[in-house]
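Below are the chains, spelled out letter by letter.
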Amino acid sequence: MTAHLKMDKPDTRNRLDHTAQGLIGAGMDRPDGKAKVTGTAAYAFEDQPEGMAHGVLVRANVAKGRLNDIDRDSVLRLPGVLAAMCGPRFLRNPAQGGANEAPVQGSEGIAYLGQPVALVVAETFEQARHAAHMLTLQIDAQEGQTDPDIAGYESPDAKQAQQGDLDRAMKDAATAIDVTYTTPSHNSAAMEPHAAIAEWDQDMLTLRGSYQMLKYNRNELADALGIDPKCVRILAPYVGGGFGSKLGIAPEAVAAALAAHELNRPVGVALTRQQVFEGTMRRSESRQRVRLAADASGKLQGIGHDAYISNLTDEVFSEPVTQATPFIYAGENRVIGHHIARVNRTCAGSVRAPGESIGVTVLENAMDELAHQTGIDPVELRLMNIPDKNPTSGLPFSSHTLAEALTTGRDRFGWDQRNPQPGSTRKGDWLIGMGMASAVRVNILSEARVRVTLMPDGTARVQTDMTDIGTGTYAILTQICAEMLGLPETDVSVSLGDTDHPPGPGSGGSWGASSVGTAAFLACEKIRRELAKKVDADEADLTLKDGMVSYANRQVRLADMIDEEIEIEGHVEPGDTSDDVTQSTYGAHFAEVAVNAVTGETRVQRMLGVFAAGRILNHKTARSQCLGGMTFGLGMALTEELMHDPRDGHIVNRDLAEYHLPVNLDVPQLDVVLLDERDAYANPLQSKGIGELGICGAAAAITNAIFNATGVRVRDYPATLDKVLAGL
Amino acid sequence: MRPFDYTRAQDSAEAARIAGQGATFIAGGTNLLDLMKLEVMTPDHLVDITHLDLNEITQTEAGGLRIGALVTNSDLAADMAVRRGWPLLPKALLSGATGQLRNKATTGGNLLQRTRCYYFYDPDMPCNKREPGSGCAAMGGMNRLHAILGASDACIATHPSDMAVALRALGAHVDLMAEDGSTRTLPLGDLYRLPGDTPEVETNLKPGELITHVVLPAPVHGRQIYRKVRDRASYAFALVSVAAVIDVESGVISQAKLAFGGIAPMPWRMTEIEDFLIGKAPSEDLWEEAADLLLSDARGQGSNDFKIPLARRTLAAVLNEATRGDDQ
Ligand SMILES: Cc1cc2nc3c(=O)[nH]c(=O)nc-3n(C[C@H](O)[C@H](O)[C@H](O)COP(=O)(O)OP(=O)(O)OC[C@H]3O[C@@H](n4cnc5c(N)ncnc54)[C@H](O)[C@@H]3O)c2cc1C
Ligand code: SF4
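Parameters and conventions
- Residues numbered from 1 in each chain as written.
- Chains lettered and ligands numbered in written order.
- Predicted model: local features only at pLDDT ≥ 70, side-chain atom pairs only at ≥ 80, totals over all residues.
- Heavy atoms only, no water.
- Helix = DSSP H or I, 4+ residues; strand = E, 2+ residues; numbered from the N terminus.
- Rg over C-alpha atoms; globule rule 2.2 N^0.38 Å.
- Buried < 20%, exposed > 50% of the residue type's maximum accessible area, 1.4 Å probe, protein only.
- Areas by Shrake-Rupley, 256 points an atom, 1.4 Å probe, with all protein chains shown as cover.
- Lys, Arg positive; Asp, Glu negative; His and termini not counted.
- Charge placed at Lys NZ, Arg CZ, Asp CG, Glu CD.
- UniProt positions renumbered as here; feature names shortened; annotations may be inferred.
- Near = heavy atom within 4 Å.
- Nonpolar A, V, L, I, M, F, W, Y, C, P; charged D, E, K, R; others polar.
- Polar contact = N/O pair within 3.5 Å; in protein donor to acceptor, adjacent residues only side chain to side chain.
- pLDDT = per-residue confidence, 0-100.
- Axes fitted to C-alpha atoms, helices over the stretch in contact; angles between N-to-C directions.
- Parallel < 35°, antiparallel > 145°, perpendicular 65-115°, else oblique.
- Left-handed = near helix turned anticlockwise from the far one by under 90°.
- Contact = heavy atoms within 4.5 Å.
- Pairing = 2+ DSSP bridges.

(A) Seen up close, the overall build of chain A. Counting its regular elements, chain A contains 18 helices and 31 strands. A globule of 728 residues ought to have a C-alpha radius of gyration of about 27 Å, and chain A, at 26 Å, matches this closely. Projecting the C-alpha coordinates of chain A onto the three principal axes gives extents of approximately 80 × 70 × 50 Å. Among the 728 residues that make up chain A, the fraction classed as buried is 64%. In the structure as shown, chain A presents an accessible area of about 24,700 Å², 46% of it carried by carbon and sulfur atoms. Where the 67 positive side-chain charges of chain A centre and where its 95 negative ones centre are 2 Å apart.

Structure (structure tokens):
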């Protein structure tokens, strides 16, 4: 049986406020937590089948060219080497999120330095790695174009938008801001390197891999190999961080499958850390021009946001920098520009909140510049510019809590202690400043299916191909089902990451919990109706708690009510509520920094994030998401940058020593407040995506604080000490 | 990684003898193993020296310390005698790497760790240090970590050690044992070589020569400061670091030992600066003149140009801190 919902109208029943188990929202520990911290959770490369051979990918060492062949003889005589291969099915780069088909294939065409063009397989990883090092590639190098500004930009019509007359608004403005900021390439830098193990049984391929969206990955892999998707099973029960970098099927999976087929034995391919940096998706660098036209009272009359980004040829994805610009602030006149350069650099794709994380950040820097120019308090400036409906589409908003986030944050942070005069607070060698920024991220519901089975013993089993990429999917699915079925959480078992299960939404775009949670909710609701039928009661009159069912003054054990499994597949699809209203999550970031007046080093002293994302399903995992987002914001503000070599575009800093993520000592006390909110348009849970919200705008709060501390505006991210120093 | 032979040496003489035949010492392995995985270093034969009897810290007759080459960075930083007499050294050690790495890293290995030049770690890139004659990709490339002093047209890499900078300021020597079992002592400054035309030769060690000890002279009076400026608060190599031992008597500088990290192919020390400071009263102008001495030959390479003003400012800040107050 299935329980289906197309989300066409708001669900105002507040269903989860009326159930009895009391698990929703609670900071329940992850059921998978213990296995993870004790090292017993088997990640992709840790579940190695008997007889597995090791494959290591070989990179192209030119930015553009043609691979004519590989010199197999150069490695086949080395100890342990089993095969060296390249070919038309090799992937040029990982598939983009949700592609559902193979990306560009063929090892012949070299499009960036670092492209995996061959695979060497050996008995051990060390042998394979050595052979990969020794393999001679026969390459004709060609003249590449690695600098986006020299390559030039295309401006597809569909990605430009214009409303009113911004030029005029800028001319008439009491205060006009016209600034350009740049952000560098970023890498997701997930802790678990990308890996896949392929094993064939006749025509059936089983792939253990580290991927985020299995229902698409299965089709992508099948397409790449030219086989029927029914012949592919992907297993990804644990994924050690994704952040967008594992959305699509990737070169290691296809190479492992090809090698396993050729050698007739299981083959595993794990990327080295260097390969992760140069071969998985990068966030495109960006140049962003923001124009703001304000009247004498500070009200925005116009906003312009032009983004210049890059990608490889034939990639449809382009960093959606301006995603929130159409609706975050009021203003009649608006121009949005989106310009893409085609360059021979590592493929650009989704990395940690694509779009808003850099787009909102730069917009919020420009807002700070406007606040400074007009002398209006930065929080006030935002408050007075919150629109009452989407200023671009004219659509109403669903729950909208930006104002509450801003004022809550202002009070809690002690914003009134901030001296608006830059450079006015000094403690010894340290200049102290405060900054803030709004946070905004679009909310998405994605099609999802989950199978929930109530067993005769009164326990429940939950199955979907959804992944838990460290975010807490195991936890919230356990909670939702336990809550709806009135079971202690230990009586619900959740099985994830297996394409034999019903297809979930995949982890990405912050839609995971709400989408897969809704499908589980629907299944449980239907189970409740089945139970109600059995006792001839109304589902709404049933109280389910601790394995007991109460109705009309009667109470029975759930296990006593059922003599066979009740199995329901919940299925949710987005509907009219995605189009009839503008759904988004909101928040506010506050940061206090100390900037060393001698060296220009910035240390963040404290940060506060106030977030509203509908109903919070698990306060602990939700808070963790926000802490992670804010930490990434800190990295974006101060340290993170993939350095491209100016001559061939290759990524120079390819390890965790030189790609500077924030480390413990960089991260101060982070304070997170989650506002209590329900969004009936989002889904029956009334929850919204929270995963990515914490990073959106976070970096701007820090760089705005640097300005407040020093009077130096660093418009070129990250704000490393040399850039601050240049202005001191 | 390439296959290699492995011998666990029982004593220093054996280790030096085997190394004299072309084998490479491995101590903590925190640098060497990384380089072997990347095939930047490809030894055929490793001599494991971790079982040698070189992990003690003892007093010398001169009132200094003799530190075994295998004393870990963690143990050295925690040693009470070191902390009391040479606080500069623990400060420098604790500013380096991470707790986990310092637990493995040894005194000898730390001195001989290789540069962190990005291109040195990438065998597909030209690098005169890795492959003499192939060119230097860092010139005209990314060189944020690179040298402004002491570099050559062949190589602009820096020596990354923090510990070595402190040791240089403290006037440390290294005790060596050659393949024939003979020993000698070198001032730390003479251990290292500038790149010149042969950046692949980084030290004056003879083939197979083992560092057995680092010897510290008796403590010198003065305030000891290690200031490391870097791209994040921890776990990053120095962009500029300054090690200083400074004393002030009757309003003038009576003791000055200075060494610099992050800016040169070896821990950098210029005794001219120290001589210049002695006998003078602390002042901002004096610091400027000291920085002029340090930086008169400094040359940026593009992405590291900022190190010239940064070194100047950091030196002044350290000298201010060292001479501030009246408790001297
Ligand atoms: C991610 C990362 C970050 C780091 N950050 C810092 C930092 O901020 N500051 C810093 O100073 N260091 C830093 N380090 C470097 C670290 O300090 C060195 O790797 C370590 O000190 C090397 O010691 P080891 O014993 O492991 O040497 P090994 O790796 O064993 O050896 C290094 C070299 O020394 C030779 N060798 C070792 N012992 C002897 C001996 N007794 N005689 C002759 N030759 C010998 C070996 O043959 C080899 O060539 C970092 C390292 C890593 C990996
Ligand atoms: S600076 Fe030295 S180590 Fe770096 S690429 Fe040039 S020669 Fe090699």
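(B) Structural view of the UniProt feature "domain: FAD-binding PCMH-type" (unreviewed entry) in chain B. UniProt tags residues 1-221 of chain B as "domain: FAD-binding PCMH-type" (unreviewed entry). The span residues 1-221 of chain B is 26% helical and 16% strand by assignment, and the distance between its end C-alpha atoms comes to 48 Å.

(C) The site of ligand 2, seen in detail. Around ligand 2 there are 14 residues in total, and Cys117(B), Cys127(B), Cys136(B), Cys155(B) and Ile156(B) lie nearest to it. Here the residues of the shell around ligand 2 are counted per class, giving 11 nonpolar, two polar and one charged.

(D) Here's a closer look at the side chain of Glu640(A). Residues and elements named next belong to chain A. Inspection of the secondary structure assignment puts Glu-640 in the loop between α16 (619-638) and β31 (669-674). A distance of 2.9 Å separates a polar atom in the side chain of Glu-640 from a polar atom in the side chain of Arg-352. At 2.6 Å, the side chain of Glu-640 and the side chain of Tyr-659 are in polar contact.

(E) Region of the structure containing the confidence of the model for chain B. Scored by pLDDT, chain B comes out at a mean of 97, with 99% of its residues at no less than 70. If you check the scores for this complex, the pTM reads 0.97 and the ipTM reads 0.96.

(F) Here's a closer look at the packing of α16(A) against helix α17 (residues 698-710) of chain A. All names here are of chain A. Where α16 meets α17, the closest approach of the two axes is 7 Å, and the angle between their N-to-C directions is 50 degrees. One element, α16, and the other, α17, form an angle in the oblique class. Between α16 and α17 the crossing geometry is right-handed. The segment α16 lies against α17, with Met-630, Gly-633, Leu-634, Met-636, Ala-637 and Leu-638 engaging Ala-698, Ala-699, Ile-702, Thr-703 and Ile-706. Grouping the amino acids of the contact of α16 with α17 by side-chain chemistry returns nine nonpolar, two polar and no charged.

(G) Up close: the sheet that holds strand β7 (residues 136-141) of chain A. Residue and element names in this part refer to chain A. On the basis of which strands lie adjacent, the open sheet formed by three strands has the order β5-β3-β7 and antiparallel pairing. A strand with exactly one partner marks an edge of an open sheet, and here the two such strands are β5 (109-110) and β7. Pairing between strand β3 (residues 65-71) and β7: six bridges, direction antiparallel. Its bridge partner lying in β7, Ile-70 is registered against Leu-137.

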